[in-house]
Amino acid sequence: MTSTLTLSIPWANALAPSGPWKPSSLHRNGGRPASTIDDAPASDVDALQSEGGFWHQSPAALKSRLHDPPPDHILAQIRSQPYRGGFEPAQEFERPVTPKIVEGSIPTDLVGTLAINGAGRMRIGGRMLGHWFDGDGYVATLSFDGKENEARVHGRYVRTDRFKAQETLEGRGDRPDDVDYEPPLAFSGAWTSAGRGEWYNNIGRTPQNPANTATMWMPPRTQSSNEPRLFALCEGGHPIELDPATLDVIGEEKPFASHPSAPEADEASSFFSAHFSRDPETHSIYNHGYILDPLSPTSSINLMELSPEGDLRKQRRSDLPYNTFVHDATISQSLYVYFVCPYVVPKGLADLFPFIMGRKPLGALMRWKGRPSDGDPAPLKSYLHVHSRDDLALKWRVELPEPASAYHIVDAYEEARDDASNDMRLKVRIAELDSDPPVDRTKLEGQFANQYAVPSGERLHAKLIEYTFLLREDGSGELMDSVDIPSAGGCEYPATNQIGRKERLRYVWINALSEENPDWFDAVQKVDMEGGGGDSPVTSFGRGTYCGPPLFVPKEALTSDQCEEDEGYVAVALYRSDEHRSDVAILDARSMKTLCRMELDRHLPYSFHGDFWPGFVPP
């Protein structure tokens, strides 16, 4: 079972379409209307292609076509490595659009809406944000109606408090018409200071939620409604509900709470991670959250179980060996599993003093402590934490012999217990940072801090690895084995089929690299994790085309029939750097052949994660 891409529940097929699409406002910079290359005459487009593509226009031409054109040094970096154009500020859709199908057709049984989320911008004018994860959330919905061979695409920034504050600040109209101008910021992020970085603009400020990491669908709250609910997630805050048709924010950012009829009112006592897990049979939701308690002498994590409708059923606080964010977790048959890695968040007045006094953002004080250093001669360990899903209690904490760093878990599976001892073997597969030992996450975080400046050939990726743990009845445990999965290369963003499956998973779909491109993902790979290096096809999409994460839609989500694990579709957003716009491709998940490709007139930002809701296609 996996939580990296969580597919919504099959009985959602019964939902009828919602009401009509409603227009939303178009984000503009200083009143200058947004536009794309498609606004140019066809002869101009042809000329751009022959001269090297969109980014090789003159700065003046780019300024006329983009709503937030890049400063000269950013433009030079994009021209050097065109994939970097995908990090440029995304343009919103004024209203949902019908993309042109240019290859194949949408499979007739593919009916539903995929919602994806990512950082829509890493800069505002010439002002760089401090980290990719600090970018404002941008949610795009990709609605497929295979019966009519038609799709709808919509995309908007999430109207968080911080986004609205920045809009208000820039709405005063005093921003000069200069691509190098660095506007002050009306918000602070985990790695980004407010204002122009002055300490007096940041004293006592806490980072604000960018809502930029994932989406989550939930069924309608009432039987009278036929429209599912949609949430934008980020581990640095609470869920934010969106209108599925307009992508407007509904209500305030708030934690999930118990049902009004519950004997005792309760609400989640922590943030809500972007990586939730759904039980494939009961559809209950499991998640965890960071507890913001900087002055407490202990560090802890909060685990939660929610009903399929999002009502908090139970939660439990559990101690951590040090203060850190846990990005991903997963469920097995009866357990909740995650890794604790020593990328440490400062804690206590002394360590937090530069942040409290506005001298540095919080992220600048985070440290990788998995290797010896002058200040920390004894490195911290990495651990596997294993909780019971019944009561959310921590049952095993297993120390890894070497430090490890991983953002994403593929799956976890419990093998049969030993009849005599009742001990258990737990298999956990993850996408682990691939770097020379001892692992040092500092370099990776530095690359995320400025995606435009990563030198060619130096970008770090992950590798798929399988751990085998022995979990003893007496509560002790140990690592028995760890092996690389040989058929996978450099990768990230694993997606699997968890719908209704009790057996161990065999396949995973990942972002991958073609042989020609070492710098950014330009392919999707289906990996046979049990094949011993067998057939694991890699699909790429042509020169200058780069990939967002693969998003797997299993047949079981579309039909009541029992299907094979790899029966379904893979949807992927493609960034076409020569034209600075995106395509959406639909692949056969089994053969990895392209079934459909459709063109958009603007680019979608590289996303992190998404969630699919079957049967819901707004008209």
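Here the residue index of a chain counts from 1 through its sequence in written order. Restriction of local features to residues with pLDDT of at least 70 applies here, the model being predicted, together with a cutoff of 80 or more for giving and counting side-chain atom pairs; totals for whole chains, interfaces and linings are based on all residues. The side-chain figures draw on all heavy atoms in the structure; neither hydrogens nor water molecules are used.

## Section: the overall build of the chain
Okay, step 1: Per the secondary structure count, the chain includes six helices and 33 strands.
Okay, step 2: Think of it in three bands: residues with accessible area under 20% of the maximum for their type are buried, residues over 50% are exposed, and the middle band is partly exposed, with areas taken using a 1.4 Å probe on protein chains only. For the chain, the residues scored as buried account for 60% of the 619 residues in total.
Okay, step 3: Note on contacts: a residue pair is in contact if any heavy atoms of the two residues lie within 4.5 Å. Long-range pairs, those at least 24 residues apart, make up 65% of the contacts in the chain with a sequence separation of at least 6.
Okay, step 4: Accessible area of the chain: about 23600 Å², with a carbon and sulfur share of 48%. Strands here are runs of E lasting at least two residues and helices are runs of H or I lasting at least four, both read from the DSSP assignment and numbered beginning at the N terminus. Values of accessible area rely on a 1.4 Å probe in the Shrake-Rupley scheme; residue burial ignores everything except the protein chains shown.

## A closer look at the confidence of the model for the chain
Okay, step 1: With 90% of its residues at a pLDDT of 70 or more, the chain shows a mean pLDDT of 89.
Okay, step 2: Summary of the metric used: pLDDT quantifies the predictor's per-residue confidence within the range 0 to 100. Contacts of residues 1-47 to residues separated by more than four positions or lying in other chains number 149 contacts, the stretch itself having pLDDT below 50.

## Some details on the layout of surface pockets
To find leftover empty space, a probe the size of one water molecule is rolled over the atoms.
Okay, step 1: Residues are said to line a cavity or pocket when one of their atoms sits within 4 Å of a point; the points come from a 1 Å grid over protein atoms alone, cavities being sets where a 1.4 Å probe fits but cannot get out and pockets being open sets with protein on both sides within 12 Å along at least five of seven lines. Grid points are joined across faces, edges and corners, and a volume is the space filled by probe spheres set on the points. Within this model, the second largest pocket holds a volume of roughly 350 Å³.
Okay, step 2: For the second largest pocket, the lining is made up of 18 residues, of which Arg221, Glu241, Lys254, Pro255 and Phe256 are closest to its centre.
Okay, step 3: A class-by-class count of the residues in the lining of the second largest pocket yields seven nonpolar, four polar and seven charged. Residue polarity is assigned by list, with Asp, Glu, Lys and Arg as charged and Ala, Val, Leu, Ile, Met, Phe, Trp, Tyr, Cys and Pro as nonpolar; anything else, Gly included, falls into the polar class.

## Regarding helix 6 (residues 442-449)
Every α-helix winds through 3.6 residues per turn, so residues three or four apart in the chain are directed the same way.
Okay, step 1: Within helix 6, burial applies to Leu444, Glu445, Gln447 and Phe448. Down the axis of helix 6, the sector holding all buried residues measures 155°, keeping them to one side. The reported arc concerns the directions from the helix axis to the C-beta atoms and nothing else.

## Observations regarding a negative patch on the surface
Okay, step 1: Where like charges cluster on the molecular surface, the negative patch consists of Asp72, Asp178, Asp180 and Glu182.
Okay, step 2: Within the secondary structure, Glu182 is located in the loop between helix 4 (161-170) and strand 7 (214-218). Nonpolar side chains (Val, Leu, Ile, Met, Phe, Trp, Tyr) are joined into patches within 5 Å and like charges within 9 Å, using only residues with over 30% relative accessible area and no salt bridge. For this analysis, a salt bridge means a side-chain nitrogen from Lys or Arg found within 4 Å of a carboxyl oxygen belonging to Asp or Glu. Charged-residue counts in this description rest on Lys and Arg as positive and Asp and Glu as negative, His and the chain ends being excluded. Just so you know, the charge point we use is NZ for Lys, CZ for Arg, CG for Asp and CD for Glu.

## Some details on the sheet that holds strand 25 (residues 507-512)
Okay, step 1: Any two strands with at least two DSSP bridges between them are considered paired. Strands sit in the order 24-25-26-27 across an open sheet of four strands; the sheet is antiparallel. Strands at the two margins of the open sheet, each flanked by one partner only, are strand 24 (492-495) and strand 27 (538-540). Taking the axes of each pair of neighbouring strands and ignoring which way they run, one obtains an average angle of 20° across the sheet. To get an axis, fit a line to the C-alpha atoms, keeping to the stretch in contact for a helix; angles then go from 0 to 180 degrees between the N-to-C directions.

## So, unusual backbone geometry
Negative phi values dominate among residues other than glycine, just as trans dominates among peptide bonds.
Okay, step 1: Each neighbour pair has its own omega, and for Pro437 with Pro438 the value is -10°, a cis peptide bond.
Okay, step 2: For Pro438, the location among the structural elements is in the loop between strand 21 (424-433) and helix 6.
Okay, step 3: A positive phi angle, near 50°, is found at Ala211, a position not held by glycine.
Okay, step 4: Inspection of the secondary structure assignment puts Ala211 in the loop between helix 4 and strand 7.

## A look at the sheet that holds strand 20 (residues 406-414)
Okay, step 1: Strand order in the open sheet made by the four strands is 20-21-22-23, with antiparallel pairing throughout. The open sheet is flanked by strand 20 and strand 23 (477-484), the only strands paired with a single partner. With strand direction ignored, the average angle separating the axes of adjacent strands in the sheet is 25°.
Okay, step 2: Relative to strand 22 (residues 462-471), strand 21 runs antiparallel, the two sharing ten bridges. Paired with Leu426 across the strands is Phe469, a residue of strand 22.

## Thoughts on the packing of aromatic side chains
Here a ring pair, both rings aromatic, is described through the centre-centre distance and the interplanar angle of the planes.
Okay, step 1: Here a Phe, Tyr or Trp ring, Trp counted by its six-membered ring, pairs with any other such ring whose centre lies within 6.5 Å, and the pair is stacked when the planes are under 30 degrees apart, edge-to-face when over 60, and tilted otherwise. Across all of its chains, the model carries 34 aromatic pairs by this definition.
Okay, step 2: For a lysine, the NZ atom is tested; for an arginine, the CZ atom; a charge sits over a ring if that atom is within 6 Å of the ring centre and within 35 degrees of the ring normal. Lying over the aromatic face of Tyr383, Arg397 brings its terminal NZ or CZ to 5.9 Å of the ring centre.
Okay, step 3: Its end group placed over the ring of Tyr407, Arg441 keeps NZ or CZ at 4.6 Å from the ring centre.

## With respect to the pairing of strand 13 (residues 312-320)
Okay, step 1: Judged from the eight bridges that link them, strand 12 (residues 299-306) and strand 13 form a sheet pairing that is antiparallel. Looking at the pairing, Leu306 lines up with Leu312 of strand 13.
Okay, step 2: Hairpin connection from strand 12 to strand 13: five residues lie between these consecutive antiparallel strands, with Gly310 at a positive phi of about 95°.

## Concerning the nonpolar core
Generally speaking, nonpolar side chains in soluble globular proteins are found buried as a group.
Okay, step 1: Ranked by size, the top nonpolar core spans 60 residues in total, and within it Trp132, Phe339, Leu384, Leu426, Val428, Phe469 and Leu471 carry the most contacts.
Okay, step 2: A per-element tally of this core places strand 21 first, with five residues.
Okay, step 3: Apart from residues lying up to four places away in sequence, Leu384 is in contact with Val337, Tyr338, Phe339, Trp396, Arg397, Val398, Leu400, Leu426 and Phe469.
Okay, step 4: Only buried residues count toward a nonpolar core, which is a set of Ala, Val, Leu, Ile, Met, Phe, Trp, Tyr and Cys residues joined through side-chain atoms within 4.5 Å. In terms of nonpolar packing, the next biggest core, distinct from the first, is built from 27 residues, Leu142, Val553, Leu558 and Ile586 among them.

## Some thoughts on the pattern of salt bridges
Okay, step 1: Counting across every chain of the model gives 40 salt bridges.
Okay, step 2: Its salt-bridge partner being Arg95, residue Glu94 comes within 3.7 Å of it at the nearest N-O pair.
Okay, step 3: A residue is classified by how much of its surface remains accessible, and Arg95, at 43% relative accessible area, is partly exposed.
Okay, step 4: The closest approach of N and O atoms between Glu530 and Arg429, which form a salt bridge, is 3.1 Å. One end of the pair, Glu530, is in the loop between strand 26 (523-528) and strand 27; the other, Arg429, is in strand 21, with 101 residues separating them in the sequence.
Okay, step 5: Linked by salt bridges that have partners in common, Glu103, Arg576, Glu579, Arg581, Asp583, Arg597 and Glu599 make up one network.

## Describing the environment of Leu470
Okay, step 1: Assignment of secondary structure puts Leu470 in strand 22.
Okay, step 2: Its relative accessible area of 14% is what places Leu470 among the buried residues.
Okay, step 3: A sequence separation of 45 residues divides Leu470 from Arg425, and the C-alpha atoms of the two residues are 4.7 Å apart.
Okay, step 4: Discounting chain neighbours no more than four positions away, the residues touching Leu470 are Asp423, Met424, Arg425, Ser476, Gly477, Glu478 and Met480.

## Observations concerning the side chain of Asn212
Okay, step 1: Topologically, Asn212 is positioned in the loop between helix 4 and strand 7.
Okay, step 2: We define a polar contact as two N or O atoms separated by no more than 3.5 Å, with the added condition that, inside protein, one atom must be a possible hydrogen donor and the other a possible acceptor, whereas residues neighbouring each other in sequence contribute only through side-chain atom pairs. Within the local environment of Asn212, its side chain forms a polar contact with the backbone oxygen of Phe133, the two atoms lying 2.8 Å apart.
Okay, step 3: Other than its neighbours up to four places away in sequence, Asn212 contacts Asn117, Gly118, Ala119, Trp132, Phe133, Asp134, Gly135, Asp136, Gly137, Leu233, Cys234 and Phe608.

## A closer look at the environment of Arg121
Okay, step 1: As for its position among the elements, Arg121 is in the loop between strand 2 (111-119) and strand 3 (123-124).
Okay, step 2: Overall, Arg121 belongs to the buried group, its relative accessible area being 3%.
Okay, step 3: Arg121 sits 484 residues away from Pro605 along the chain, and the two C-alpha atoms are 7.8 Å apart.
Okay, step 4: Engagement of the side chain of Arg121 in a polar contact is seen with the side chain of Asp136, the distance being 2.9 Å.

## Some thoughts on the side chain of Arg159
Okay, step 1: Relative to the helices and strands, Arg159 resides in the loop between strand 6 (150-157) and helix 4.
Okay, step 2: Judged by relative accessible area, Arg159 falls into the buried class, the value being 16%.
Okay, step 3: Only 2.4 Å separates the side chain of Arg159 from the side chain of Glu92, close enough to count as a polar contact.
Okay, step 4: Polar contacts involving the side chain of Arg159 include one to the main-chain carbonyl oxygen of Tyr157, which spans 3.0 Å.

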